[in-house]
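# What the coordinates show
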Amino acid sequence: MTPHVTASADEMSAAGALAPETLTGYLSSTGWAPQQRFDRSTMWVRQEEDGDFQVLVPGDRELRDYQSRVSDLLSTVAAVEERPIRLLLDDLENGGVDSLSFRLRPDGPPGTIPLFNAVDAVAGVRELVVSSAYALISDRPMLVQGRRPDSALDFARGVRLGTPRAGSWAIAAQLAVAPVEVSAELPLARRVSLQMHRAVRACFAASGEALREFDLELFLRRTGEGVSANVCEALAKLGRDGVPYDVRFTWARQLPSSVPPRSFRFSTRRIEVLHTAAEQLKVAVPDGEVTVEGHVSRLRRDIGEGGQATVRGPISTVYGTSERSVRVLLPDDLYQRLVDAHGRRQRVSVTGTAARGRIERVSRIEILDGAPPI
């Protein structure tokens, strides 16, 4: 049974200002379908696992009870979507924005949240926007994102954050989407929204599988879909101290999308898994071929032939890139090569096979100042 949601006086007034076309446009984009037409209204239906839901859309704003009919419609839709009517009205009134609604479910008085949870929630939203913009601009998978370019930060500065709403503590990030011709390239805001949708969906799927038994491989194999340490950490921050929350995507009505809007519910256990994944992705050197470029920061001669070197810089793996230090095991001749580079403060490129978090079999060393590779 869907719980009843009651509209306030202000929400009733806002409901009366909505046009029928606005209502039908929203319903058609969120999984509802017209079922039966009457003289001055239309019955719309949405099928859910726990049953079918119906709303009546008035087709004439001159109807004496138009406001109350729309209010009833909003109450039902808000209850089905499990969010406050005010957030639903925000989406209806802002037809030119993609909206990401975050609804947290902390213990305590309705509409309130502990201070540090609120701070981390806003920081998590910011990190999700910035990391998704960077991933889109860079167009390559990343295990860990380094310093963000100004273009990603400039985009994030243009995102608006809605005022927290009562009920469950809820905020919404709004990305303004400019109208475009059908054949034109999607605007940057829509592409970032879709990137966030892919990343959240991938993290949701990976964390769900990892609930049975944690395996970092579940996250590594989805880096091409947007999973990174940064996104996992952003989603974990949103649920600081294990506070469960929902993320809901809705698209600007003036620019329909073939990707259906969807909600993702992150439980306390999923949040714990995401935190673990973020920490492990930060230091991960996946098994397989790896290339690291940077300066030699540490050297150690092993007993017998050869030695170890630590190289810090960008690391390229089959799953994506990151920036960190990695240990390299070397035979004597290649070890001496890195000793010389360290003494001359030269940057190097080392390619080899990684295992157990280090490069164990080096296949190529290049001094990045024009010296011939080995």
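Quick note: structure is the one above.
Residues numbered from 1 in each chain as written. Predicted model: local features only at pLDDT ≥ 70, side-chain atom pairs only at ≥ 80, totals over all residues. Heavy atoms only, no water.

### Quick notes on the overall build of the protein
Per the secondary structure count, the protein includes eleven helices and 13 strands. C-alpha extents for the protein along the principal axes are approximately 90 × 45 × 35 Å. Here the protein holds 374 residues, and the buried ones make up 51% of them. Residue pairs at least 24 apart in sequence account for 62% of intrachain contacts in the protein once pairs closer than 6 positions are excluded. Carbon and sulfur atoms make up 48% of the accessible area of the protein, which amounts to about 18,300 Å² in all. Separation between the mean location of the 47 positive side-chain charges and that of the 48 negative ones in the protein comes to 4 Å. (Helix = DSSP H or I, 4+ residues; strand = E, 2+ residues; numbered from the N terminus. Buried < 20%, exposed > 50% of the residue type's maximum accessible area, 1.4 Å probe, protein only. Contact = heavy atoms within 4.5 Å. Areas by Shrake-Rupley, 256 points an atom, 1.4 Å probe, with all protein chains shown as cover. Lys, Arg positive; Asp, Glu negative; His and termini not counted. Charge placed at Lys NZ, Arg CZ, Asp CG, Glu CD.)

### Topic: helix α7 (residues 188-210)
Structurally, the α-helix is built with 3.6 residues per turn, so residues lying three or four positions apart point the same way. Helix length check: α7, at 23 residues, gives a terminal C-alpha distance of 33 Å against a target of 33 Å (1.5 Å per residue), a fit within 8%. Within α7, 17 of the 23 residues are buried, which leaves the element mostly enclosed by the surrounding structure. (Expected span 1.5 Å × (residues − 1).)

### What about the sheet that holds strand β6 (residues 169-176)?
With antiparallel pairing, the five strands of this open sheet are ordered in space as β5-β6-β4-β7-β8. Taken across any chain shown, the strands that pair with only one partner, and hence form the sheet edges, are β5 (160-161) and β8 (263-266). Looking at chain direction, strand β4 (residues 97-104) and strand β7 (residues 245-250) are connected through six bridges and run antiparallel. Directly across from Leu-100, in β7, lies its bridge partner Phe-249. On the sheet, α7 packs against β4, β6, β7 and β8 and is oriented at approximately 40° with respect to β8. (Pairing = 2+ DSSP bridges. Axes fitted to C-alpha atoms, helices over the stretch in contact; angles between N-to-C directions.)

### A short note on the sheet that holds strand β1 (residues 33-37)
Hydrogen bonds between backbone atoms are what pair the strands of a sheet, whose relative direction is either parallel or antiparallel. Reading across the sheet, the three strands line up as β1-β2-β3 and stay open at both edges, with antiparallel pairing between neighbours. Edge strands, defined here as strands with exactly one partner in the open sheet, are β1 and β3 (51-58). Averaged over neighbouring strand pairs, the angle between their axes works out to 30° when direction is ignored. One ladder, built from four bridges, connects β1 with strand β2 (residues 41-48); its direction is antiparallel. The residue of β2 that forms the bridge with Gln-36 is Met-43. Its contacts with the sheet place helix α2 (residues 20-29) against β2 and β3, and it is angled at close to 160° to β3.

### A closer look at helix α1 (residues 9-16)
Where α1 is concerned, the buried positions are Glu-11, Ala-14, Ala-15 and Gly-16. Where α1 is buried, its residues touch α3 (66-81) and α4 (85-93).

### A look at the pairing of strand β13 (residues 358-367)
One ladder, built from eight bridges, connects strand β12 (residues 347-355) with β13; its direction is antiparallel. Each bridged residue has a counterpart across the sheet, and for Gly-352 the counterpart in β13 is Val-362. Linkage of β12 to β13, two consecutive antiparallel strands, is achieved through a turn of two residues, within which Arg-356 is found at a positive phi near 55°.

### Quick look at a nonpolar patch on the surface
The grouping of Leu-115, Phe-116 and Val-119 at the surface amounts to a nonpolar patch, some 340 Å² of accessible area in total. Tracing the sequence through the fold places Leu-115 in helix α5 (residues 115-138). (Patch = residues over 30% accessible without salt bridge, like charges linked within 9 Å, V, L, I, M, F, W, Y side chains within 5 Å. Salt bridge = Lys/Arg side-chain N within 4 Å of Asp/Glu carboxyl O.)

### Quick look at the pattern of salt bridges
All told, the structure shown has 23 salt bridges when counted by the stated rule. Among the salt bridges present, the one from Glu-293 reaches Arg-347, with a minimum N-O distance of 3.9 Å. You can see Glu-293 sitting in strand β9 (residues 288-301) and its partner Arg-347 sitting in strand β12, a full 54 residues away along the chain. One salt-bridge network, held together by shared partners, links Arg-103, Arg-105, Asp-246 and Arg-265.

### Considerations on the nonpolar core
Of all hydrophobic cores here, the largest spans 65 residues; its most connected members are Phe-102, Phe-219, Cys-232, Leu-235, Phe-266 and Leu-281. If one sorts the elements of this core by residue count, α7 sits on top with eleven residues. Counting 24 residues, the second largest nonpolar core, distinct from the first, contains Ala-14, Leu-27, Trp-32 and Phe-53. (Core = buried A, V, L, I, M, F, W, Y, C linked by side-chain atoms within 4.5 Å.)

### So, empty space enclosed by the protein
Leftover empty space is mapped by rolling, across the atoms, a probe with the size of a water molecule. A full pass over the atoms with the stated rule returns two cavities of 30 Å³ or more. Its volume calculated, the largest cavity comes out at about 70 Å³. Counting residues per element, the ones that place at least two in the lining of the largest cavity are α2 and β4. Per-class residue counts for the lining of the largest cavity are four nonpolar, four polar and two charged. When residues of the lining of the second largest cavity are traced back to their parent elements, those giving at least two are α2, α3 and α4. (1 Å grid on protein atoms, 1.4 Å probe; cavity = no way out; pocket = protein on both sides within 12 Å on 5 of 7 lines; lining within 4 Å. Points joined across faces, edges and corners; volume = space filled by probe spheres on them. Nonpolar A, V, L, I, M, F, W, Y, C, P; charged D, E, K, R; others polar.)

### Quick word on the pairing of β6
Here β6 lies mainly inside the structure; seven of its eight residues are buried. Strand direction decides the pairing type here: β4 and β6, joined by eight bridges, are antiparallel. Bridged to Ser-101 within β6 is Ala-172. Bridging between β5 and β6 involves two bridges; their strand directions are antiparallel. Note on β6: the bridge partner recorded for Leu-161 is Ala-173.

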